[in-house]
Amino acid sequence: GQNIDQPTEMTATEGAIVQINCTYQTSGFNGLFWYQQHAGEAPTFLSYNVLDGLEEKGRFSSFLSRSKGYSYLLLKELQMKDSASYLCAVRVLGKGGFKTIFGAGTRLFVKA
Amino acid sequence: ETGVTQTPRHLVMGMTNKKSLKCEQHLGHNAMYWYKQSAKKPLELMFVYSLEERVENNSVPSRFSPECPNSSHLFLHLHTLQPEDSALYLCASSQGIDRPQETQYFGPGTRLLVL
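Everything numeric in this text was worked out from a predicted model, so none of it was measured. In this numbering scheme, every chain counts its residues from 1 along its sequence in written order. As a convention, the first chain written is A and the first ligand written is 1, with the rest following in written order. With pLDDT at 70 or above as the cut-off, local features in this predicted model cover only qualifying residues; side-chain atom pairs require 80 or more to be listed or tallied, and sums for whole chains, interfaces and linings still use all residues. Hydrogens and waters are ignored; side-chain quantities use all the structure's heavy atoms.

**Q** Please explain the sheet that holds strand β8 (residues 70–75) of chain A as it appears in this structure.
**A** Remark on secondary structure: sheet strands pair via backbone hydrogen bonds, oriented parallel or antiparallel. All names here are of chain A. Only strands joined by at least two bridges in the DSSP assignment are considered to pair. Helical segments are the DSSP runs of H or I of at least four residues, strand segments are the runs of E of at least two, and each set is numbered from the N terminus. Spatial ordering of the open sheet is given by β1-β3-β8-β7-β6, a layout of 5 strands whose pairing is antiparallel. Looking at which strands have only one partner, the edges of the open sheet turn out to be β1 (3–5) and β6 (53–57). Ignoring which end each strand starts from, the neighbouring axes of this sheet average 15 degrees apart. Pairing between strand β7 (residues 60–65) and β8: 6 bridges, direction antiparallel. Residue pairing in the sheet places Ser 65 in a bridge with Tyr 70 of β8. Only the contacting stretch of a helix is used when fitting its axis, a line to C-alpha atoms as for every element, and angles between N-to-C directions run 0 to 180 degrees.

Structure below.
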């Protein structure tokens, strides 16, 4: 079966760095997404990784290791507005075509 | 603003009611999706439409009935729902369905409570 695991909740301090991990066991891997979802709002796209390595986008970076089935989202210089849920999602290719499978999300609380 | 709107934002209905959720995308996309989001659970894909044709129905009970009259609009018709159907219903769109990096753009969701 297809499985995605990420921590349920994390707490970090304003100005600090936090790493949100995601592990997956899937077949037909074709990339990994991170989305951010503020309470009561739409999930919004943060990053897509299909090759191993780190991709940096401002304060946010995303890392992928396909051999380990592992990704993380790194948030630097945390701000209060970064308090949100972060959804890890894996793109897979199966008999029926492409599908995006979501994890349950990690709720990040940023405290002053 | 993601370019995807949903109405209503909140809905309370009894188990015998019939209601509809509406989604509209202003991005010129060809694919639209309905997801169910329950607390502490992964997003559950319900339906996928590509060029107004339903391409996926993930074993969703018949009390949920989708309709896609054109590539910009998507409806979810609800009837005789159960309390366990209470959740956030998210609509999304994407350019297509057949590329690896198919980024989905989500609406803000309809918070549904079934009494």
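**Q** Looking at this structure, I do not really get the state of the cysteines. What am I missing?
**A** The bond known as a disulfide is covalent and runs between the sulfur atoms of two cysteines. In what follows, a disulfide is any cysteine sulfur pair within 2.5 Å. Evaluated as defined, the whole model comprises 2 disulfides over all chains. A disulfide bridge connects Cys 22 of chain A with Cys 88 of chain A, and the sulfur atoms are separated by 2.0 Å. The S-S bond linking Cys 22 of chain A to Cys 88 of chain A shows a torsion near -65 degrees; that makes this disulfide left-handed. Of the two residues, Cys 22 of chain A sits in strand β3 (residues 18–25) while Cys 88 of chain A sits in strand β9 (residues 84–94), which places them 66 residues apart along the sequence. Here Cys 23 of chain B is linked by a disulfide to Cys 91 of chain B, with a sulfur-sulfur distance of 1.9 Å. In this structure the cystine formed by Cys 23 of chain B and Cys 91 of chain B twists about its S-S bond by roughly -75 degrees; its chirality is therefore left-handed. Residue Cys 23 of chain B is located in strand β3 (residues 18–25), and its partner Cys 91 of chain B is located in strand β9 (residues 87–94); the two are separated by 68 residues in the primary sequence. Type-normalised accessible area, obtained with a 1.4 Å probe on protein chains alone, sets the label of each residue: buried when under 20%, exposed when over 50%, and partly exposed for intermediate values. In this structure Cys 91 of chain B comes out as buried when scored by relative accessible area, which is 0%. With no disulfide of its own, Cys 68 of chain B has Cys 91 of chain B as its nearest cysteine by sulfur position, at a separation of 9.1 Å.

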